[in-house]
Amino acid sequence: MYEGVVQDLIDELGRLPGVGPKSAQRIAFHLLQADPTDVRRLADVLVEVKAKVKFCSICFNVSEDEQCRICRDPRRDPSVLCVVEEYKDVVAIERTREFRGRYHVLGGAISPIDGIGPDQLRIRELMQRLADGTIVETILATDPNLEGEATATYLTRMLKPLGLRVTRLASGLPVGGDLEYADEVTLGRAFAGRRSADD
Ligand SMILES: [Zn+2]
C-alpha cells in the first residue's frame, strides 16, 4: 500500500479491464516518472473523449455527432444490418471492406455469470429498427465464444419469426476469441461465406 494519491492512482488503474494489481502499479510508477507534458496530454484526451464522444442514436456506434458516419452515409445499404457486440467489432468489420450495410451495436453479449441478460443489451432498440420492414437481412456477427454464441442463438429465436433473412458468419474464425482478433482476410471470408442461422 502506498500513500494517498499514489494509491488512488493505482486503484483507479486497477479498475480498467485487463489491468491487474501488478500492471496497475507498473503503469502508476511509469506515470510518476514520465514527462509532465506527456501525462497532461493523456489526462486531456481522457477528459475530451468523455466530453465529445457520444453514441449514435440509431446504431449505438461511437460517434461525435447525433448520428454516426455510417448511419449518415447514403451509399450504405439500408436493407442489410450487421449486429455486433461492441464498437471495436464495427472497426474490425469495416477494415475488411466486405460489408456495405449498416450496424447495430448491442453493447455486450449475454453472460449470466456477469449478470448480463437480454435486457441489459440494446435488443429492444434492435427490434424497433426492424419494425418498418426496411431491413431484410440481419447478420449476427457476435464473437466466436460462449457468450457470443448464446447471444446469437437468442437473437435468432427473436428474429426468425419476423420473416427476415437471419445469417451468421461462416466458421473459420478463431474459436473462443473476439471478432477483433481475427485477421482481415479471415473475417472478410467469414462475411462473404455467411450462412443461414439455425434455431
Ligand atoms: Zn450509427
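Model, not experiment: these values are computed from the prediction. (Residues numbered from 1 in each chain as written. Predicted model: local features only at pLDDT ≥ 70, side-chain atom pairs only at ≥ 80, totals over all residues. Heavy atoms only, no water.)

**Overview of the overall build of the chain**
Counted only if it meets this: Here a strand is any run of E in DSSP of at least two residues, a helix any run of H or I of at least four, and the numbering for each starts at the N terminus. Throughout, exposure labels follow a simple rule: accessible area from a 1.4 Å probe, protein chains only, divided by the maximum for the residue type, with under 20% read as buried, over 50% as exposed, and the rest as partly exposed. Contacts are residue-level and defined by heavy atoms, with any inter-residue pair within 4.5 Å sufficient. In this description, accessible areas are obtained by the Shrake-Rupley approach with a 1.4 Å probe, and a residue is regarded as covered only by the protein chains that are shown. Charged residues are defined narrowly, with Lys and Arg counted positive, Asp and Glu counted negative, and His plus the chain ends left uncounted. Charge positions are represented by NZ for Lys, CZ for Arg, CG for Asp and CD for Glu.
Secondary structure assignment for the chain yields eight helices and seven strands. Principal axes of the C-alpha set define a box for the chain whose edges measure 60 × 35 × 35 Å. Here the chain, with 199 residues, has 40% of them falling under the buried criterion. Considering only contacts in the chain between residues 6 or more positions apart, those separated by 24 or more positions represent 56%. Of the roughly 12000 Å² of accessible surface on the chain, 53% is carried by carbon and sulfur atoms. If you average the places of the 27 positive and of the 32 negative side-chain charges in the chain, the two averages end up 5 Å apart.

**Comments concerning the coordination of the zinc ion**
Counted only if it meets this: Nitrogen, oxygen and sulfur within 2.8 Å of a metal are treated as its donors, or within 3.2 Å for sodium, potassium and calcium (Na, K, Ca); water is not counted, so a site can appear incomplete. Just to be clear on the cut-offs, tetrahedral is four donors with all angles between 85 and 135 degrees, square planar is four donors and octahedral six with opposite donors over 155 degrees apart and all others between 65 and 115, and anything else goes down as irregular.
Within the protein, Cys56 (SG), Cys59 (SG), Cys68 (SG) and Cys71 (SG) serve as the donor atoms for the zinc ion, at 2.3 Å. Its four donor atoms give the zinc ion angles of 103 to 116° at the centre, a pattern that matches the tetrahedral case. Considered as a linear motif, the donors of the zinc ion on their single chain read C-x2-C-x8-C-x2-C. Comparing Cys59 with Cys68 shows no difference in burial state: the two are buried.

**Details of unusual backbone geometry**
If you check the backbone angles, Phe60 has positive phi at about 70° while not being a glycine. We classify Phe60 as buried; its relative accessible area is 16%.

**Re the packing of aromatic side chains**
To be explicit about the condition: The aromatic pairing rule takes the rings of Phe, Tyr and Trp, using the six-membered ring of Trp, and pairs them if the centres are within 6.5 Å, calling planes under 30 degrees apart stacked, those over 60 edge-to-face and the rest tilted. Criterion for a charge above a ring: Arg CZ or Lys NZ at most 6 Å from the ring centre, at most 35 degrees from the ring normal.
For the structure shown, the criterion picks out three aromatic pairs. Aromatic side chains Phe99 and Tyr103 sit 5.2 Å apart centroid to centroid with 70° between the ring planes, which places their arrangement in the edge-to-face category. For the residue pair Phe99 and Tyr103, the accessibility class agrees, reading buried in each case. Judged by centre distance (5.3 Å) and plane angle (45°), the rings of Phe99 and Phe191 are tilted. Taken as a pair, Phe99 in the loop between helix 5 (87-96) and strand 4 (102-105) and Phe191 in helix 8 (residues 184-192) lie far apart in primary sequence, 92 residues in all. The class of Phe99 is buried, set by a relative accessible area of 5%. The cationic tip of Arg122 hangs over the ring face of Phe55; the distance from NZ or CZ to the ring centre is 5.6 Å.

**Focus: the pairing of strand 6 (residues 165-168)**
Keep this limit in mind: Strand pairing requires that DSSP identify at least two bridges connecting the strands. By convention a crossover is right-handed if, when the strands point away from the viewer, the path from the first strand over the helix to the second runs clockwise.
The pairing of strand 5 (residues 137-140) with strand 6 spans four bridges and is parallel. Following the sheet pairing, Glu137 is matched in strand 6 by Arg165. Handedness of the crossover joining strand 5 and strand 6 through helix 7 (residues 146-159): right-handed. Pairing between strand 6 and strand 7 (residues 195-196): two bridges, direction antiparallel. Bridging across to strand 7, Thr167 finds its partner in Ser196.

**Focus: helix 1 (residues 4-14)**
Helical periodicity: at 3.6 residues per turn, an α-helix aligns residues three or four positions apart in one direction. Convention followed: Comment: arc refers to directions from the helix axis out to C-beta atoms.
Within helix 1, the full set of buried residues consists of Gln7, Ile10 and Leu13. The arc that holds the buried residues of helix 1, viewed along the axis, is 125°, so those residues lie on one side. Check the buried side of helix 1 and you find it contacts helix 2 (21-33).

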